[in-house]
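Examination of the molecular architecture
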Amino acid sequence: MRPRIVAGNWKMNTTRETARQLAQEVAQGATAGVTVVVCPPYPYLEAVGTVLKGSSVALGAQDCHYQEKGAYTGSVSPAMLADMCCAYVLVGHSERRHGLQEGEGLLQFKVAAAIKAGLTAVLCVGETLEEREAKRIEQVLARHVSSGLAALSADKMGRLVIAYEPVWAIGTGKVATPEQAQEAHAFIRGHLRTIVGHAVADATPILYGGSVTGDNAANLFAQPDIDGGLIGGASLKPTDFLKIVAAAKR
Ligand code: PEP
């Protein structure tokens, strides 16, 4: 059975103190049977990691470089994240794909480098509104998934999570309906089967992200191919986030 995962992407929010408080509340309220991950900004990884020590909540980062070390000003390597006790890292979030023009050629190396360093990579994929309206959803998802996995051997797939995040649903309050989300997740899983085979595809968690709240999470997570969520705005509100976590329990 695939694990249930709920990951909070705090983006460029919190202070050191509010990050610590938020982590504390999440650690105290986490639900057994759901893997909970929080992804604070880089400067607060250590402070949050210290709070989470001994809890069931895992630490994640929001991005990484694809090189192990070197002259890459401002960048953070997967090995550094592992050294900070991170277990997860987001790759290809739409705010980086579209906002910072991170291309598919780059993202596949980030995924491979993250996994090589011992992290679990959360590969974010998803169509824009324009692509949806042009009925290009499947074409875009197939491309994002195929390119994201291009530098990965099948034996590394146990450390890959996919997050389906339609760009039009991120931070907009326009959540995908459970049917829209399930359709996309089923397509992604089917596409994965053609790349890595049935057993691996059926074991790969696929999370939904995009305006998930404590009120809409349960209906989304009830869909057969939705294994949890990647949560932005609501992950900053402990009560709402913990309600989402509870909704992910089987
Ligand atoms: C995200 O940024 O990954 C996200 C899903 O944001 P939100 O939940 O705010 O839509």
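Here the structure is shown first, and the text comes after it.
This is a predicted model, so every value here is computed, not measured.

1. A look at the site of the ligand
Lining the immediate surroundings of the ligand are 14 residues, of which Lys-11, Glu-165, Gly-171, Ser-211 and Gly-233 lie closest. Gly-232 is positioned with one of its backbone polar atoms (N or O) 2.8 Å from an oxygen atom of the ligand. Alone, the ligand offers 290 Å² of accessible surface; in the complex the protein occludes 95% of this. When the residues that make up the shell around the ligand are grouped by side-chain class, the tally is four nonpolar, eight polar and two charged.

2. Points about the packing of aromatic side chains
The tally for this structure, following the rule as stated, stands at two aromatic pairs. Pairing Tyr-66 with Phe-109 gives two aromatic rings, centres 6.3 Å apart and planes at 45°, and the pair type is tilted. Here the residue Tyr-66 occupies a position in the loop between strand E3 (58-61) and helix H3 (78-83), and Phe-109 occupies one in helix H5 (residues 104-116), the gap between them amounting to 43 residues. Note on Tyr-66: relative accessible area 32%, which makes it partly exposed. Looking at Phe-109, the relative accessible area reads 43%, which means it is partly exposed. With a centroid separation of 6.3 Å and 55° between ring planes, the pair formed by Tyr-164 and Tyr-208 is classed as tilted. On the criterion of sequence distance, the pair formed by Tyr-164 in strand E6 (residues 160-164) and Tyr-208 in strand E7 (residues 206-209) is long-range, its members being 44 residues apart. For Tyr-164, a relative accessible area of 0% puts it in the buried group.

Rules behind the numbers
Residues numbered from 1 in each chain as written. Predicted model: local features only at pLDDT ≥ 70, side-chain atom pairs only at ≥ 80, totals over all residues. Heavy atoms only, no water. Near = heavy atom within 4 Å. Polar contact = N/O pair within 3.5 Å; in protein donor to acceptor, adjacent residues only side chain to side chain. Areas by Shrake-Rupley, 256 points an atom, 1.4 Å probe, with all protein chains shown as cover. Nonpolar A, V, L, I, M, F, W, Y, C, P; charged D, E, K, R; others polar. Phe/Tyr/Trp six-rings, centres within 6.5 Å; stacked < 30°, edge-to-face > 60°. Helix = DSSP H or I, 4+ residues; strand = E, 2+ residues; numbered from the N terminus. Buried < 20%, exposed > 50% of the residue type's maximum accessible area, 1.4 Å probe, protein only.

Function-wise, these values are silent; they only describe arrangement.
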